[in-house]
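One-letter residues, chain by chain:
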Amino acid sequence: MKDGMKCPITLGEYERYNKNKSMYETLSKERKDWLDYFMFSYNYTFSDFVLKYDNDDLWVIINTGKTIKEFKI
């Protein structure tokens, strides 16, 4: 897992980081592995996206500036 914060960081990014980090700790091994691969492949940290549970589906939501991308795990 790539664990680290960018610097400088805004309050919103800090809150996202903490929320995503605590949610990561509760994930199953296969979801953790997928998320680790995803973060490593695209050079993301926990403050770059939002993790959301919806009916036992895990969503990774990213705001790219022009669009919002969603991935379901």
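Above this text sits the structure in question.
Residues numbered from 1 in each chain as written. Predicted model: local features only at pLDDT ≥ 70, side-chain atom pairs only at ≥ 80, totals over all residues. Heavy atoms only, no water.

Let's shift gears to the sheet that holds strand E2 (residues 57-63). The strand order across the open sheet formed by three strands is E1-E2-E3, and the pairing between neighbours is antiparallel. Edge positions in the sheet fall to strand E1 (50-54) and strand E3 (68-72), since each of these pairs with one other strand and no more. On average, adjacent strands in this sheet sit at an angle of 25° to one another, irrespective of strand direction. Where E1 lies against E2, five bridges are found, and the strand directions are antiparallel. Looking at E2, one finds that Asp54 is bridged to Asp57. In the packing of helix H1 (residues 11-25) onto the sheet, contacts are made with E1 and E2, and the angle to E1 comes to roughly 50°. Against the sheet, helix H2 (residues 29-42) makes contact with E1, E2 and E3, and its axis sits at roughly 15° relative to E2, the strand it touches most. (Pairing = 2+ DSSP bridges. Helix = DSSP H or I, 4+ residues; strand = E, 2+ residues; numbered from the N terminus. Axes fitted to C-alpha atoms, helices over the stretch in contact; angles between N-to-C directions. Contact = heavy atoms within 4.5 Å.)

Once that is clear, we can look at the packing of aromatic side chains. Under the definition given, this model contains 10 aromatic pairs. Ring geometry for Phe38 versus Tyr42: centroids 5.4 Å apart, planes at 50°, classification tilted. Of this pair, Phe38 and Tyr42 are both found in helix H2, four residues apart, which corresponds to roughly one turn of the helix. Overall, the relative accessible area of 4% leaves Phe38 in the buried class. Each residue in the set Tyr17, Tyr24, Trp34, Phe38, Tyr42, Tyr44, Phe46, Phe49 and Phe71 is aromatic and connected to the rest through ring pairs, giving one cluster. Lys32 extends its terminal NZ or CZ atom over the ring of Tyr24, reaching a point 5.5 Å from the ring centre. (Phe/Tyr/Trp six-rings, centres within 6.5 Å; stacked < 30°, edge-to-face > 60°. Buried < 20%, exposed > 50% of the residue type's maximum accessible area, 1.4 Å probe, protein only. Lys NZ or Arg CZ within 6 Å of the ring centre and 35° of its normal.)

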